[in-house]
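Tertiary structure, described
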Amino acid sequence: MDSEIHMSAPVCLIKNTEEQLLANQEALEILSGIKNPLVVVAIVGLYRTGKSYLMNKLAGKNKGFSLGSTVQSHTKGIWMWCVPHPQKPSHTLVLLDTEGLGDVEKGNNQNDSWIFALAILLSSTFVYNSMGTINQQAMDQLHYVTELSDRIRAKSSPDANGIEDSADFVSFFPDFVWTLRDFSLELEADGLPITADEYLEISLKLKQGNTQKDQNFNLPRLCIRKFFPKKKCFIFDRPTHRKKLGQLETMHDDELDPEFVQQATVFCSYIFSNSKTKTLSGGIKVNGPRLENLVLTYVNAISSGDLPCMENAVLALAQIENAAAVQKAIAHYDQQMNQMVKLPTETLQELLDLHRPEKEAIEFFMSNSFKDIDQLFQKDLAAKLEKKRDEFCKQNLQASTDRCSDLLKEIFGPLEDSVKQGVYSKPGGYRLFIQKTQELKKTYLQKPRKGIQAEEVLQEYLDSKESMTDAILQTDQTLTEKEKEIEVERVKAESAQAATKRLEEMQMKNQQIMEQKERSYQEHVKQLTEKMERDRIQLLEEQERTLALKLQEQARLLKEGFQNESKRLHNEIQNLQQNMARKENVCHKLKT
């Protein structure tokens, strides 16, 4: 499903049945097949405010998400529609349409807050849809934003006071877009035209004062300003006559209000151009399987009575992905080794020098893993690679042993048959036997691709035939007893030399294996150091972004404070001037 997405209609991602949130397996399976990075746009708002129509337009369709035409909420839970991104190649646009908030038919609106929170947690762009203007009623209806800190945890362990900095939320919250439907006001302030964004900023201004009324007024505005540094506003005229609203799915653009059509086009263009790829802490881009795991983690947390925690979700995702990265790295190593290595190799070093697959496996793991705390998964990979290397060495030994054994049977078989037939049981037979044996040894040693067991298997074969050689020696009547003793000693000396040589070869092999293990260890250290440096730079960049957001918010507050103070001083000066003017008038009247 990676290259092309074929979703003819949305499917339910998270069911809301009997006041219980459940992830839908069908939707999860669709996500598991999408390997592209995701741009996730979620829309939330009161029921019957036209959310689904906007999401259908983003999908490039008139039909899809249920619009409905009555006062009943049609969308239940969270519905998902995955389509190819129209402007970002190799990206998938995931549209999430949510159940209308404040449905009068629901006896308990507890899940409204969870749906609101889930839409924020899963999206990279969060669209809040409402009717009319931004007034206090609209702000009161957006009370869910004031509950976010009670519904979501950024870290598993907040600071010593149990308090989480708003910057912790800002680091993973989506961009905020407010869409105002059936907007009827003129966009102006102090008699001057303003943009929809300026209208939003004016609407989010705080009141000066500490009364309960002031605090209630400021709280939703303060939350929006702190949690969503990047904000955008769009206004929409009514699309058509009220009686025709139920026919929107079948109406063409030329049947709708031209202003509305243009406004919808501008909105879609902004979303396509400016909505970011869903990204986790550490710059990890979210694809289908990652979003699938996030959905399961959050929904399971809510179902068990816990608060969804971003840090825990990322760590759980890291556990799954790092384990998978280890398995895939091992599979890559196996595939490359099987393609490159033809067993047996002539020398152990020839096998050990084939370290490219191991290096590639480490690089593959590093590029596909994240948040590998204490390098547990990398250590697991190192242990598995070492075990695999040892297995290949054993396979190489066995392949060499089998190859050499087959050659010895082929080459020395006729000689053994001649011995059995008594060909060498005669005067001078021993010398003939030794001569023939040397010739066959030379033939054996000239054979290619015997591997590292060539000498050892040959010597073991010759040692196993010592009794046969002794028998031929004893039956050779042409040799004196002294010559037989000398020959026996010679054979023993040859055996001892062969044993010493085998021991030296074994020590050399062990040394080569140890050197290879050291090279492998150094490769792991090198890759880890490079990754840690990349992570350090990325962390610094994230910290700088968070600090910039904080500074931006502080600068905005200072600017507003300065503006408010300037306005207050200006009003005081005006009052003083008016008082002075009144006093001058009084003095003037007294004089006259």
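Looking at an unreviewed UniProt entry, one finds the chain named GB1/RHD3-type G domain-containing protein and attributed to Canis lupus familiaris. Its UniProt record, at the heading Sequence similarities (unreviewed entry), says of the chain: "Belongs to the TRAFAC class dynamin-like GTPase superfamily. GB1/RHD3 GTPase family."

Turning our attention to the overall build of the chain. Scanning the chain from N- to C-terminus turns up 18 helices and 12 strands. The burial tally for the chain puts 44% of its 592 residues in the buried class. When the accessible area of the chain is evaluated, it comes to approximately 31600 Å², of which 52% is carbon and sulfur surface.

Attention now goes to the pattern of salt bridges. Counting across every chain of the model gives 11 salt bridges. With its nearest N and O atoms 2.9 Å apart, the salt bridge here joins Lys-232 to Asp-197. Of this pair, Lys-232 sits in strand β10 (residues 231–235) while Asp-197 sits in helix α7 (residues 196–203), and the two are 35 residues apart along the sequence. Under the relative-accessibility criterion, Asp-197 is labelled partly exposed at 25%. The residue Glu-416 makes a salt bridge to Lys-465 at a minimum N-O spacing of 3.6 Å. Of this pair, Glu-416 sits in helix α14 (residues 376–420) while Lys-465 sits in the loop between α16 (454–464) and α17 (466–475), and the two are 49 residues apart along the sequence. Judged by relative accessible area, Lys-465 falls into the partly exposed class, the value being 23%.

On to the packing of aromatic side chains, then. Summed over all chains, the structure comprises 19 aromatic pairs. Between Phe-116 and Tyr-144, the ring centres sit 5.5 Å apart and the planes meet at 25 degrees, which makes this aromatic pair stacked. In this pair, Phe-116 is assigned in helix α3 (residues 110–122) and Tyr-144 in the loop between α4 (136–141) and α5 (148–151), connecting sequence segments 28 residues apart. Residue classification places Tyr-144 among the buried residues on the basis of a relative accessible area of 7%. Taken together, the aromatic side chains of Phe-116, Phe-126, Tyr-128, Tyr-144, Phe-173, Phe-176, Trp-178, Phe-227 and Phe-228 make up a single cluster linked through ring pairs. The residue whose ring lies beneath Lys-207 is Phe-217, and the NZ or CZ to ring-centre distance is 4.7 Å. Geometry around Phe-217 places Arg-221 over its ring, the cationic atom sitting 3.5 Å from the centre.

Turning our attention to the environment of Gly-77. Relative to the elements of secondary structure, Gly-77 occurs in the loop between α2 (51–58) and β4 (78–84). Take Gly-77: its relative accessible area is 0%, and that puts it in the buried class. Considering only alpha carbons, one finds Gly-77 and Leu-21, 56 residues apart in sequence, at a separation of 7.6 Å. In contact with Gly-77, not counting residues within four places along its chain, are Ile-14, Asn-16, Asp-97, Thr-98, Glu-99 and Ile-115.

Right, let's talk about the nonpolar core for a bit. One finds Met-80, Phe-116, Trp-178 and Phe-267 to be the most contacted residues of the largest nonpolar core, which totals 100 residues. Once residues lying within four places of it in the same chain are set aside, the contact partners of Phe-116 are Val-44, Leu-101, Phe-126, Tyr-128, Leu-142, Tyr-144, Val-145 and Leu-148.

For the rest of this paragraph, the subject is the packing of helix α15 (residues 429–446) against α16. Relative orientation and spacing of two packed helices are given, respectively, by the angle between their axes and the distance between those axes. The interhelical angle for the contact between α15 and α16, taken along N-to-C directions, is 155 degrees, at an axis separation of 11 Å. Relative to α16, α15 is oriented roughly antiparallel. When the axes of α15 and α16 are compared, the crossing they make is right-handed. In this structure, α15 contributes Thr-437, Lys-441, Tyr-444 and Leu-445 to the contact, and α16 contributes Ala-454, Glu-455, Val-457, Leu-458 and Leu-462. Its residues assigned to classes, the contact of α15 with α16 shows 6 nonpolar, 1 polar and 2 charged.

The next thing to look at is unusual backbone geometry. Cis geometry is adopted by the peptide bond preceding Pro-344, which originates at Leu-343 and carries an omega value of 0 degrees. Structurally, Pro-344 can be placed in the loop between α11 (310–340) and α12 (348–352). Positive phi values are uncommon outside glycine, yet Ser-90 reaches one of about 60 degrees. As for its placement among the helices and strands, Ser-90 is situated in the loop between β4 and β5 (92–98). For Ser-90, a relative accessible area of 55% gives the class exposed.

Of all 7 residues in β4, 5 are buried; the element is thus mostly enclosed. Bridging between strand β1 (residues 11–17) and β4 involves 3 bridges; their strand directions are antiparallel. Bridge pairing in β4 places Cys-12 opposite Trp-79.

Within the secondary structure, Gln-512 is located in helix α18 (residues 481–591). Residues Gln-512 and Leu-352 lie 160 residues apart in sequence; the distance between their C-alpha atoms is 7.8 Å. Residues within four places of Gln-512 in sequence aside, it is in contact with Leu-348, Gln-349 and Leu-352.

A separate point is the packing of α14 against α16. Where α14 contacts α16, the axes come no closer than 9 Å and their chain directions differ by 40 degrees. Here α16 runs oblique to α14, going by the angle between their axes. The handedness of the crossing between α14 and α16 comes out as right-handed. Across from Ser-400, Thr-401, Cys-404, Ser-405, Leu-408, Phe-412 and Glu-416 in α14, the residues of α16 making contact are Ala-454, Val-457, Leu-458 and Tyr-461. Split by residue class, the contact of α14 with α16 holds 7 nonpolar, 3 polar and 1 charged.

With 18 residues, α15 ought to run about 26 Å at 1.5 Å a step, and its terminal C-alpha atoms sit 26 Å apart, in line with that. Those residues of α15 lying buried are Gly-429, Tyr-430, Phe-433, Thr-437, Leu-440 and Tyr-444. For α15, the arc enclosing every buried residue in end-on projection is 90 degrees, short of the 170-degree limit, so these residues lie on one face. Residues of α15 that are exposed and point more than 90 degrees away from the buried face comprise Arg-431, Lys-442 and Gln-446.

Right, let's talk about the sheet that holds strand β7 (residues 175–181) for a bit. The 8 strands are arranged β2-β1-β4-β5-β3-β6-β7-β10 in an open sheet whose pairing can be described as mixed. The sheet is open, and its two borders are formed by β2 (20–23) and β10, each paired with just one other strand. Ignoring strand direction, the axes of neighbouring strands in this sheet form an average angle of 20 degrees. Across the sheet, helix α1 (residues 25–32) lies against β1, β2 and β4, angled at about 145 degrees from β1, the strand it touches most. Across the face of the sheet, α2 comes into contact with β3 (38–45), β4, β5, β6 (125–131) and β7 while running at roughly 170 degrees to β5.

Thresholds, definitions, all that
Residues numbered from 1 in each chain as written. Predicted model: local features only at pLDDT ≥ 70, side-chain atom pairs only at ≥ 80, totals over all residues. Heavy atoms only, no water. UniProt positions renumbered as here; feature names shortened; annotations may be inferred. Helix = DSSP H or I, 4+ residues; strand = E, 2+ residues; numbered from the N terminus. Buried < 20%, exposed > 50% of the residue type's maximum accessible area, 1.4 Å probe, protein only. Areas by Shrake-Rupley, 256 points an atom, 1.4 Å probe, with all protein chains shown as cover. Salt bridge = Lys/Arg side-chain N within 4 Å of Asp/Glu carboxyl O. Phe/Tyr/Trp six-rings, centres within 6.5 Å; stacked < 30°, edge-to-face > 60°. Lys NZ or Arg CZ within 6 Å of the ring centre and 35° of its normal. Contact = heavy atoms within 4.5 Å. Core = buried A, V, L, I, M, F, W, Y, C linked by side-chain atoms within 4.5 Å. Axes fitted to C-alpha atoms, helices over the stretch in contact; angles between N-to-C directions. Parallel < 35°, antiparallel > 145°, perpendicular 65-115°, else oblique. Left-handed = near helix turned anticlockwise from the far one by under 90°. Nonpolar A, V, L, I, M, F, W, Y, C, P; charged D, E, K, R; others polar. Pairing = 2+ DSSP bridges. Expected span 1.5 Å × (residues − 1). Arc of directions from axis to C-beta.

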